[in-house]
Amino acid sequence: IGLDSASGIRVYSMTAPIRNLDIHDNLFDSGIRWGSVAYEPKISGEGVHFLAGVQDSRIYRNVFIAWSHSGIYLDGHLPGSPGVNRNLVFDNEFHCGPHSSYFDYCRPFGIDGIQAGSAEYNVVFNNRMHDFSVAAQVNGNNNYLVGNTCYNTSNSKTRRLPTGQCFSLQPYQWSRDNLVANNTMAYTADVAIQLIPGRGGVSAGHRIVNNIMYGCGLDTRPTRRDACIALARDDSVGPQVLIN
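Residues numbered from 1 in each chain as written. Predicted model: local features only at pLDDT ≥ 70, side-chain atom pairs only at ≥ 80, totals over all residues. Heavy atoms only, no water.

Caption draft 1: How the structure looks around the sheet that holds strand β26 (residues 212–214). The 7 strands are arranged β4-β8-β11-β14-β18-β22-β26 in an open sheet whose pairing can be described as parallel. For this open sheet the edge positions go to β4 (27–29) and β26, each flanked by a neighbour on one side alone. Across the sheet, the mean angle separating the axes of adjacent strands is 5 degrees when strand polarity is ignored. In terms of strand pairing, β4 meets strand β8 (residues 63–65) through 3 bridges, oriented parallel. Each residue of the ladder has a partner; that of L27, found in β8, is V63. (Pairing = 2+ DSSP bridges. Helix = DSSP H or I, 4+ residues; strand = E, 2+ residues; numbered from the N terminus. Axes fitted to C-alpha atoms, helices over the stretch in contact; angles between N-to-C directions.)

Caption draft 2: Up close: the sheet that holds strand β15 (residues 136–138). Read from one edge of the open sheet, 8 strands run β1-β5-β9-β12-β15-β19-β23-β27, paired in parallel fashion. Single-partner strands in this sheet number two, and they are β1 (7–12) and β27 (229–231). Geometrically, the sheet is characterised by an average inter-axis angle of 10 degrees between neighbouring strands, direction not taken into account. Bridge count between β15 and strand β19 (residues 167–169): 3 bridges; the pairing is parallel. Across the sheet, Q137 pairs through a bridge with S168, a residue of β19.

Caption draft 3: A look at the pairing of strand β9 (residues 70–76). Within β9, 7 of the 7 residues are buried, which leaves the element mostly enclosed by the surrounding structure. With 5 bridges connecting them, strand β5 (residues 46–51) and β9 associate as parallel partners. Bridged to E46 within β9 is S70. Where β9 and strand β12 (residues 107–113) come together, 6 bridges link them in parallel fashion. Bridged to D75 within β12 is D112. (Buried < 20%, exposed > 50% of the residue type's maximum accessible area, 1.4 Å probe, protein only.)

Caption draft 4: A look at the pattern of salt bridges. Counted by the stated rule, this structure contains 6 salt bridges. Taking the shortest distance from any N to any O, the salt bridge between R86 and D56 comes out at 2.8 Å. Taken together, the residues R86 in the loop between β9 and β10 (88–90) and D56 in the loop between β6 (54–55) and β7 (58–60) connect sequence positions 30 residues apart. Residue D190 pairs with R224 through a salt bridge whose shortest N-O separation is 2.7 Å. Taken together, the residues D190 in the loop between β22 (184–186) and β23 (193–195) and R224 in the loop between β26 and β27 connect sequence positions 34 residues apart. For D190, a relative accessible area of 0% puts it in the buried group. Taken together, the shared-partner salt bridges connect R19, D56 and R86 into one network. (Salt bridge = Lys/Arg side-chain N within 4 Å of Asp/Glu carboxyl O.)

Caption draft 5: Broad picture of the state of the cysteines. Across all of its chains, the model carries 3 disulfides by this definition. Between C96 and C106 runs a disulfide, and the two sulfur atoms are separated by 2.0 Å. Placement of the pair is C96 in the loop between β11 (93–95) and β12 and C106 in the loop between β11 and β12, with a sequence separation of 10 residues. The exposure class assigned to C106 is buried, which follows from its relative accessible area of 2%. The disulfide that involves C216 links it to C228, with 2.2 Å between the sulfurs. Disulfide C216-C228: the torsion about the S-S bond is 90 degrees, which places it as right-handed. Highlighted residues: C216 in the loop between β26 and β27 and C228 in the loop between β26 and β27, separated in sequence by 12 residues. A relative accessible area of 4% means that C216 is categorised as buried. For the chain, the disulfide bridges join cysteines in the arrangement 1-2, 3-4, 5-6, where the cysteines are counted in sequence order. (Disulfide = S-S within 2.5 Å.)

The following block contains the structure:
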């Protein structure tokens, strides 16, 4: 699905939410090949894009190769929409290695919420993410990232700051109380997890629990070398819970 296209599957509702979709056992291959120009916001390159009001749906047993923005984008950033909530993302493989595409800006998945309840209670579990250049971005509230495997990340050459994390929790709009638990993260170009400032709001209350991290910060700036977690010193990055 989606070879040389801007989107593979796009689901959109600003009124009554769309529910109970099953998207499974597909190959989503490579999107638009833009070279090294990175993400173009006017043509968002998503394998599966749930936009505004998609709920209680499942994305599973798919392979996502080298999408130019996200393999899966749970996108609740439009004001007044019903929200992208209670979706399950599991048993998928995401990879964006040098043999799968021509561009250098590719993340496994993203979750974005503009306010409380616009992207919440989504569960991302038992996925395999490897050979990609931009961290999975986690915003919204009360989302669960559990039991995933992430390895062999790189830093995008199109960005000034290091991008080779597994998970990035930042207040792009709204980022509260998300759980990152029981994941294995290895051989990352930058840290495995970062909690950093974003465009607005506060990123707080996240729980980083029972994760295994090793071989972190292998190809990054000296101040982050060999670190597995980066916590920004900024008023927008509030209290977090880091255990085990």
